[in-house]
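Remarks on the overall topology
Okay, here's what each chain looks like letter by letter:
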Amino acid sequence: MKVLLSEEEIPKKWYNILPDLPESLPPPLDKDGNPVKKEDLEVVFAKELIRQEMSDERWIRIPEEVREVYRLWRPTPLFRAVRLERYLKTPARIYYKFESISPAGSHKPNTAVAQAYYNMKEGIERLTTETGAGQWGSALAFGCSMFNLDATIYMVKVSYMQKPFRRILMELWGAEVYPSPSEKTEFGRKILEKDPENPGSLGIAISEAIEDAVTHENTKYTLGSVLNHVLLHQTIIGLEARRQFEEIDDYPDLIVGCIGGGSSFSGLFWPFYYDRVHRNVNVEFLAVEPTACPSVTKGVYTYDHGDTARMTPLLKMHTLGHDFIPPPIHAGGLRYHGMAPTLCLLVKKGIVNARAYNQVEVFDAASIFAKTEGHIPAPEPAHAIKAVIDEAIKCRENGEEKSILFLLCGHGHFDMKAYQDYLEGKLLPYEYPSEEVERSIRRLKELYPWIEF
Ligand SMILES: *Cc1c(COP(=O)(O)O)cnc(C)c1O
């Protein structure tokens, strides 16, 4: 039913995909189109993280102190979804790697712990970040508590008011949590002056967190997805999974994951991509996103900012436009306009496929999974589950005995309001909001006439 590894088998190195990409990654650019200098990034992020961001070393050593913290919940199990297979009457073998058992309940502590560690080593005393519903904020609060760093989290104000549980979790781990826009930063004060009732947004919260970091001594900012070093830390997932498959003498034909910024899915599939490049294995990759925020399936592959306030460098990625505001789907972690540049390049090259589902069909899939496998998925990985169920049904129809692996990247215990809406039939599907996307892409073109589309 499940494959377990011993603590000694926790990988000792992360896998960096950069040297194995089919072509080199387009560099981050500033607003005039010049490549961003390393020194400019070092004001915001720890030096070692910038080094990893640009490293062409294929294997990067995991510090013993980080492995030590990983041991609190790692290695995570690889499950065979036997009951789901039976329910679907499929000849496919379905496996899932289970990241829900981390203290914060998702994959995000894999990088939060590493980022807190490197900052601590460089003498940083406090980290800042933004959080929407609270997944990343709670992971960072936990990571900071492991290395005695202070954490300041700017939480989007509507979520702060409506979703108190993750805020309490952050406070329990010792973090300071502010509803954003806040009185703590100049940017926040400016917004509140104009509009005291402003509900906040991730873009505003990012701007506040960066401003706080660059205007204070021994303080740095952190990000929970999208950037290369974040995805690198997540490869602990795929490296363990690959070892677990060795143990049962199987190998995945298809690997599936949901994508918000692309970190959890990349962490799962990169080590198998390594096998594809260096060992010539046959394995397919499928990324799944919501129809409400279809960055990869409907977005444009071009340069855009990572945040709404245009504080970050321009990254080459699939984007819906930095001021596109996605409909309020329950999978908060997938409501992001952009995507990890590495993932986008692999999509462009036809190495990773992508597909979108609406949230009603996604919750139907989550409900089947909960009834068969017992574990309650977060709304984000439920997108992957929907795709896996569809693929397993195809296998039944074609008599194919495929081996399918997906990532259960978080539990849904804090998402009971979403499940309540689902059970009461109140969920809206939210299909592709094409007009809003076209509008925000048009604005991007007007802002940067020099960008190629
Ligand atoms: C943050 C989050 C996501 C989306 O981020 P990725 O970088 O794409 O992994 C997905 N699922 C969960 C449970 C999350 O917390």
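Scroll up to find the structure this text is about.
Described below are features of the structure shown in this document. Source: prediction; values computed, not measured. Every chain's residues receive numbers from 1 upward, in the order its sequence appears when written. Per-residue local features are limited, in this predicted model, to residues with pLDDT of at least 70; the limit for side-chain atom pairs, both in listing and counting, is 80 or more; totals at the level of whole chains, interfaces and linings are taken over all residues. Based on all heavy atoms of the structure, the side-chain values leave hydrogens and waters out of the count.

1. Regarding the nonpolar core
- Nonpolar cores are built from buried Ala, Val, Leu, Ile, Met, Phe, Trp, Tyr and Cys residues. Side-chain atoms within 4.5 Å join them into one set. Burial classification: accessible surface area is computed with a 1.4 Å probe over protein chains only, and a residue below 20% of its type maximum counts as buried, one above 50% as exposed, and the rest as partly exposed. Counting 100 residues, the largest nonpolar core has W14, F269 and F285 as the members making the most contacts within it.
- Runs of E in the DSSP output that reach at least two residues are strands. Runs of H or I that reach at least four are helices, and both are numbered from the N terminus. Ranked by residues supplied to this core, first place goes to helix α11 (residues 228–247) with 8 residues.
- Each residue touching F285, except ones within four places of it in the same chain, is listed here: I255, F265, F269, F272, Y273, R276, I351, V352 and N353.
- Counting residues in each nonpolar core, the second largest holds 33 residues, with F79, L84, L254 and L427 among its members. By definition, residues are in contact when any of their heavy atoms lie within 4.5 Å.

2. Focus on the environment of K220
- Mapped onto the secondary structure, K220 falls in strand β9 (residues 219–221).
- When its relative accessible area of 14% is taken as the criterion, K220 is described as buried.
- Distance in space between the C-alpha atoms of K220 and F265 is 26 Å, their sequence separation being 45 residues.
- Other than its neighbours up to four places away in sequence, K220 contacts E42, V43, V44, F45, A46, N119, I124, R126, L127, T128 and A213.

3. Concerning a nonpolar patch on the surface
- Together, F165, I168 and F414 make up a nonpolar patch on the protein surface, roughly 300 Å² of accessible area in all.
- Tracing the chain through its elements places I168 in helix α8 (residues 164–172).
- Owing to a relative accessible area of 42%, I168 belongs among the partly exposed residues under this scheme. Residues form patches when they are more than 30% accessible in relative terms and have no salt bridge. Like charges link within 9 Å. Nonpolar side chains (Val, Leu, Ile, Met, Phe, Trp, Tyr) link within 5 Å. The method behind every accessible area is Shrake-Rupley, applied with a 1.4 Å probe, and residues are considered shielded solely by the protein chains displayed. Think of a salt bridge as a Lys or Arg side-chain nitrogen and an Asp or Glu carboxyl oxygen that are within 4 Å of each other.

4. Topic: the sheet that holds β9
- Strand pairing is defined by DSSP finding a minimum of two bridges between the two strands. The strand order β8-β7-β6-β9 describes an open sheet built from 4 strands, whose pairing is parallel. The open sheet has two edge strands, β8 (176–180) and β9, and neither has a second partner. Ignoring strand direction, the axes of neighbouring strands in this sheet form an average angle of 25°.
- Pairing geometry for strand β7 (residues 150–156) and β8, over 5 bridges, is parallel. In the sheet register, I153 faces β8, and the bridge partner there is V177.
- For helices, the fitted line uses only the C-alpha atoms of the stretch in contact; every axis is such a line through C-alpha atoms, and the angle between N-to-C directions lies from 0 to 180 degrees. Contacting β6 (126–131) and β7, helix α6 (residues 135–146) crosses the sheet at an angle of about 165° to β6.

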